[in-house]
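Structure assessment
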Amino acid sequence: MKLMLLGPPGAGKGTQAKRLEDAYGIIQLSTGDMLRVEVASGSDLGKQAKEIMESGGLVSDDLIINMISSRIDHDDCKGGFILDGFPRTTPQAEALDTMFSDKGMKLDHVIEMKVDDDAMVERITGRYTCAGCGAGYHDSFQKPKEEGICDKCGGTDFKRRSDDNAETVRSRLEAYHEQTAPIITYYRDKGTLKSVDGMAAIDEVTTQIKDEIG
Ligand code: AP5
């Protein structure tokens, strides 16, 4: 199964992708995570992306398209994948169509997560992850069962993203509405778009997505 999650920063794409990975045995492909690995490694791509990501803008289409095109050729994608954070512009969506057609692949589901912008700042500024296994948490909405200890791996070291501050979130939301929102129409016109209520509780959103994809 090839699945795409669409929605603004903080909509819950990463949270749901991790749950769907476990439920369906498919892998999450997050272009944001891939870029953060490049930034941390100090690669040329990382150097080009760092400043743009910290300002809340979008990295160039060419870099992103090449990155995802080579990633989906890896063996671990053969069982299916979840696109999280890609595509983010109309040229990226068009390039994905070409890529899939060239590789003989088909996009099975496009899920739009509908949310209120105002709530996204609180979601993002309260977000943190386990430094060991990457499990995601939130100061108010998704706390570990035992404070300071990761539910998944028992780790005690947590981290926050450098672009998760109120100012950058507003720029990311602006970039979303200007450059990404038009692709909702792109997929609606193709008849592949389904929508879920991303403002519902995390478990409820998972149920809605599973109902949509069957
Ligand atoms: P990226 O890493 O993709 O960030 P984003 O799109 O801004 O998305 P987020 O990761 O912030 O949100 P999410 O929807 O995954 O929310 P989450 O599940 O964590 O991109 C970062 C940057 O990289 C971009 O700004 C850009 O510069 C660059 N980039 C990436 N892809 C690109 C591309 N294709 N083209 C160009 N540039 C690109 O949830 C957030 C928090 O809310 C969590 O703490 C969670 O616990 C909580 N939460 C989740 N769901 C709920 C719920 N239902 N109720 C209550 N709390 C919830």
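Reference entry: report on the structure contained in this document. What you see is a predicted model, and the numbers here were worked out from it, not measured in a lab. (Residues numbered from 1 in each chain as written. Predicted model: local features only at pLDDT ≥ 70, side-chain atom pairs only at ≥ 80, totals over all residues. Heavy atoms only, no water.)

Focus on the sheet that holds strand 7 (residues 158-159)
Counted only if it meets this: At least two DSSP bridges between two strands are needed for those strands to be called paired. Think of it this way: any DSSP run of H or I at least four residues long counts as a helix, any run of E at least two long counts as a strand, and we number them from the N terminus.
A sheet is described by the order of its strands in space; here 3 strands give the open sequence 6-5-7, paired in antiparallel fashion. Two strands close off the open sheet at either side, each with one partner strand: strand 6 (136-138) and strand 7.

Description of the nonpolar core
We apply this condition: For this analysis, a nonpolar core means a set of buried residues of the types Ala, Val, Leu, Ile, Met, Phe, Trp, Tyr and Cys, connected via side-chain atoms within 4.5 Å. A simple rule labels every residue: compare its accessible area, found with a 1.4 Å probe on the protein chains alone, to the largest value its type can have, and call it buried under 20%, exposed over 50%, or partly exposed in between.
In terms of nonpolar packing, the biggest core is built from 32 residues, with Leu29 and Tyr187 touching the most fellow members. Going through the elements one at a time, strand 1 (2-6), strand 2 (27-30), helix 2 (31-41), helix 3 (44-55), helix 4 (61-71), strand 3 (81-84), helix 5 (90-103) and helix 8 (182-190) are the ones with two or more residues in this core. Broken down by element, the residue count for this core peaks at 5 residues, all from helix 5. By size, the runner-up hydrophobic cluster in this structure holds 20 residues, among which are Leu5, Ile82, Ile111 and Ala200.

Brief notes about helix 3
Selection criterion: Think of it as the arc spanned by the lines of direction from the helix axis to the C-beta atoms. Whether two residues are in contact is decided by their heavy atoms, any of which lying within 4.5 Å being enough.
Regarding helix 3, the residues found buried are Leu45, Gly46, Ala49 and Met53. Projected down its long axis, helix 3 shows its buried positions confined to an angular sector of 80°, all on one face. Projecting away from the buried face of helix 3 at angles above 90 degrees are the exposed residues Asp44, Lys47 and Glu51. Close packing links the buried residues of helix 3 with helix 2, helix 4 and helix 7 (166-180). Looking one or two residues beyond helix 3, the residue adopting positive phi is Gly56, at roughly 90°.

Topic: helix 7
Let me state the cut-off plainly: Expected span of a helix, by definition, is 1.5 Å for each gap between consecutive residues, and there is one gap fewer than residues.
The end-to-end C-alpha distance of helix 7, which contains 15 residues, comes to 20 Å, matching closely the 21 Å that a straight helix rising 1.5 Å per residue would cover. All of the buried residues in helix 7 are Thr168, Val169, Arg172, Leu173, Ala175, Tyr176 and Thr180. One face of helix 7 carries all of its buried residues, which in axial projection span an arc of 160°. The outward face of helix 7, more than 90 degrees from its buried face, is lined by the exposed residues Glu167, Glu174 and Glu178. Against helix 3, helix 6 (117-125), strand 5 (127-130) and helix 8 lie the buried residues of helix 7.

Here we look at the site of the ligand
We count it as follows: Put simply, a residue is near a molecule or strand once any heavy atom of it comes within 4 Å of that molecule or strand. N or O atoms closer than or at 3.5 Å make up a polar contact, with two conditions inside protein: a donor-capable atom paired with an acceptor-capable one, and, for residues adjacent in sequence, both atoms drawn from side chains. Accessible areas in this description were obtained via Shrake-Rupley with a 1.4 Å probe; residue shielding takes into account the shown protein chains only. For this classification, the nonpolar set comprises Ala, Val, Leu, Ile, Met, Phe, Trp, Tyr, Cys and Pro, the charged set comprises Asp, Glu, Lys and Arg, and every other residue, Gly included, is treated as polar.
In the vicinity of the ligand lie 36 residues, with Thr15, Gly57, Arg88, Arg127 and Arg172 positioned nearest. Contact between the ligand and Arg172: an oxygen atom at 2.7 Å from a side-chain N or O atom of the residue. Surface burial for the ligand is 95%, taken as the share of its 1,000 Å² of free accessible area covered by protein chains. At 4 residues, helix 2 tops the list of elements feeding residues into the shell around the ligand. Residues that form the shell around the ligand fall into these classes: 16 nonpolar, 12 polar and 8 charged.

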